[in-house]
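So you can see what is in the structure, the chains are spelled out below.
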Amino acid sequence: MTLQTLLRRSLKKAMAFCFGDSYCIVKKSGLIVNALFTLYFLPVGVYAANAEFAMTAPADYLVSLVRHGDRSPRDLGDMARYWPMGPGQLTVEGFEQMFLLGQKIRSHYFSETLLDVWSPTVSQHYAKGLDRTIQSASALLLGVYPGLSGGTQIPPVYASPLISDGLFSAQRLCPGYLHRVQALESSADWLRKKVQYRNQLASWLGGRKGEDLESLYSLVPLMDQVAIHRMHHLPMPKGMSSHDAMQLEALLHWVTSKIFGNHEVAQLIGTPLVKAMIRDFKRVQQCLEEKGSGHSCQRWTLYSASDSNLLAMMTMLGAPSDKIVDYATHFGVQLNWNGGRPEVALSLNHEYFAVPGCVGHCSLDQWLVLLEQSLPDDWDYLCGRDVRDRGWLSPHSEPYIPKGSVARR
C-alpha cells in the first residue's frame, strides 16, 4: 500500500471524527481536519528519507528558506591563525556547499523549466544583513543559474543592515528577546542543567566571576567555536579536553533547541518572515488566477538566513527541532497550480517534511491558514520596544527592495 493511499484512508476517517480542538483547524465555512494519527507513518518534524516527494511536476512557484554555508567561528579567541577570513565568515567549503545547493534546487524543483540566466520577473532574493548570508545567496544563485558562470550578469541580493533588519534579525532589535532568554535561564530545566555542569562552568568560563558563572547562554560563543573546530578537525582551545569539547557541543544543541523551541521566542523572530511568505503566496496566487500559467508569474523567492530563522519557522509550524540545523539546510515550500487546484508540498533538504495540518503536502488554502494561525496576537508586545520606536521595526513591512530596482516595476 502506498503512502498516498494510507494518507487518503486516514483522512477519510479523520473527517468522521475530530480528536479535540487542538487537532482541528476552524476555517470560515467549515473545518479543515488534520489527521494527526497519520503521522504514525510520517512523524511531525521528521523528514522521511525514503518517502516519495509529493510533487512530481516542476514547481510553478517555490519559496526557499536556507541556512548559510560553512563559516568560521563568531568568536575566534586565540584561534585566529586558523581562520584568515576573520570571524563569522563563509569558508571555501561554505561557498561550495551553497553552489551545490543551488544546483540541487534547480534540478529537483524546476528541472529545465528555469532560464539559464536570471530575470527579475523569475526570482527575487533576500538575505540577512550578514556577510555570510549575502555571500551564501550569491553562491547559491551561481548554482541555480548556470548561465551566470560567464560573468555577464550578477543577480541582486537584497539585504538590510542588521541595525534595521526587521525581516530576519528581530532578536537583535527587540528587548523582549533578551528578557525571554533571561527567563529561560531561571526555569527549572536550565537550573538543572547548570547543576549538572556546575563543576565545569568555572573552567569553561575562564574563571570569570559574577553573573557569567550562572549563565549557560554566555557560553554560546565558546560552544560555537568548539563545535566548528571539531567539525574541521582543528585543535581545541587551550586547556580544553576532548571530553569537555563533546559536552560543550551537546550543550550547544540543548541551549539552541530550548531557546528557539520556545514558542514566544520563535514568534518574535519568525513573524516578519511568515508575513512575507503569506504575501509571497497570495501575490503569486493572484498572478496565476489571472494568467493561468505558472511560467508567466514569478517562479522562486530565496531567503538566505541563519539557523535561528529556520528553527523559529519550524517551531511556529508546530515541528520544533531538538538540534541545530546543518549548514546549507533547505526548507522548501513548493506550489503547483494543478489547473486551479493549487497544492503545496513542504520539504526539508528535499525530502518530505510534516507539520500539524500539512502532512508533507496540503492545499494552498490550508497552508495559508497554517501560516496565519502561527502568528502571535501582539507581536509588538513580544518585541517589547517602546511604541515610539516601533515604526521602522514592523513585522508588516515588505522585504527591503531599493526604490530604483527593477524588482519594483
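(A) A look at the overall build of the chain. Secondary structure assignment for the chain yields 13 helices and 11 strands. When the 409 residues of the chain are sorted by exposure, 53% land in the buried category. Of the roughly 19,100 Å² that the chain leaves accessible, carbon and sulfur atoms contribute 53%.

(B) Structural detail: the nonpolar core. Residues Tyr303 and Trp367 are the most contacted members of the largest nonpolar core, which totals 80 residues. With 13 residues, the top contributor of residues to this core is helix α10 (residues 263–291). If you look at the next biggest cluster of nonpolar residues, it comprises 23 residues, including Ile105, Leu114, Leu141 and Trp300.

(C) Summary view of the state of the cysteines. This model, assessed by the stated rule, comprises 3 disulfides. Here Cys174 is linked by a disulfide to Cys383, with a sulfur-sulfur distance of 2.2 Å. Taking the sign of the S-S torsion, about -90 degrees here, the bridge from Cys174 to Cys383 comes out left-handed. Of the two residues, Cys174 is situated in the loop between α4 (170–173) and α5 (175–185) and Cys383 in helix α13 (residues 379–383); the sequence distance between them amounts to 209 residues. An identical accessibility class is assigned to Cys174 and Cys383; each is buried. Bridging Cys358 to Cys362, the disulfide has an S-S length of 2.2 Å. On the sign convention where negative is left-handed, the bridge of Cys358 and Cys362, at about -85 degrees about the S-S bond, is left-handed.

(D) Structural context of α5. Those residues of α5 that sit buried are Gly176, Tyr177, Arg180, Val181, Leu184 and Glu185. Those residues of α5 hidden inside the fold are in contact with α4, α6 (188–196), α9 (242–260), α10 and α13.

(E) Main features of the side chain of Gln298. Relative to the assigned elements, Gln298 resides in the loop between α10 and β5 (300–305). A polar contact is formed between the side chain of Gln298 and the backbone oxygen of Trp300, at a distance of 3.1 Å. A polar side-chain atom of Gln298 sits 2.7 Å from a polar atom in the side chain of Thr301.

(F) Here's a closer look at unusual backbone geometry. Even without being a glycine, Asn338 presents a positive backbone phi close to 50 degrees. One non-glycine residue, Asn349, adopts positive backbone phi at about 55 degrees. Here Asn349 lies in the loop between β7 (343–348) and β8 (351–352).

(G) Representation of the confidence of the model for the chain. On average, the chain scores 82 in pLDDT, and the residues at 70 or more come to 77%. Here residues 1–42 is a poorly scored stretch, pLDDT under 50, and it has 53 contacts once near neighbours within four places are set aside; other chains count. In this model residues 47–54 is a low-confidence stretch, pLDDT under 50, and it forms 24 contacts with partners more than four residues away in sequence or in other chains.

(H) Spotlight on the environment of Gln200. Relative to the helices and strands, Gln200 resides in helix α7 (residues 198–204). Along the sequence, Gln200 and Asp244 sit 44 residues apart, while their C-alpha atoms lie 8.3 Å from each other.

(I) Region of the structure containing the pattern of salt bridges. One pass over the structure, following the stated rule, counts 11 salt bridges. When the shortest N-O distance is used, the salt bridge between Glu264 and Arg180 registers 2.9 Å. On the criterion of sequence distance, the pair formed by Glu264 in helix α10 and Arg180 in helix α5 is long-range, its members being 84 residues apart. Of the residues examined, Arg180 reaches a relative accessible area of 14% and is grouped as buried. Between Arg283 and Asp280 there is a salt bridge whose closest N-O contact spans 3.0 Å. Taken together, the residues span about one helical turn, with Arg283 and Asp280 both in helix α10 at a distance of 3 residues. Take Asp280: its relative accessible area is 3%, and that puts it in the buried class. Among the charged side chains, a network of salt bridges with common partners joins Arg106, Glu112 and Asp116.

Reading the values: rules and limits
Residues numbered from 1 in each chain as written. Predicted model: local features only at pLDDT ≥ 70, side-chain atom pairs only at ≥ 80, totals over all residues. Heavy atoms only, no water. Helix = DSSP H or I, 4+ residues; strand = E, 2+ residues; numbered from the N terminus. Buried < 20%, exposed > 50% of the residue type's maximum accessible area, 1.4 Å probe, protein only. Areas by Shrake-Rupley, 256 points an atom, 1.4 Å probe, with all protein chains shown as cover. Core = buried A, V, L, I, M, F, W, Y, C linked by side-chain atoms within 4.5 Å. Disulfide = S-S within 2.5 Å. Contact = heavy atoms within 4.5 Å. Polar contact = N/O pair within 3.5 Å; in protein donor to acceptor, adjacent residues only side chain to side chain. pLDDT = per-residue confidence, 0-100. Salt bridge = Lys/Arg side-chain N within 4 Å of Asp/Glu carboxyl O.

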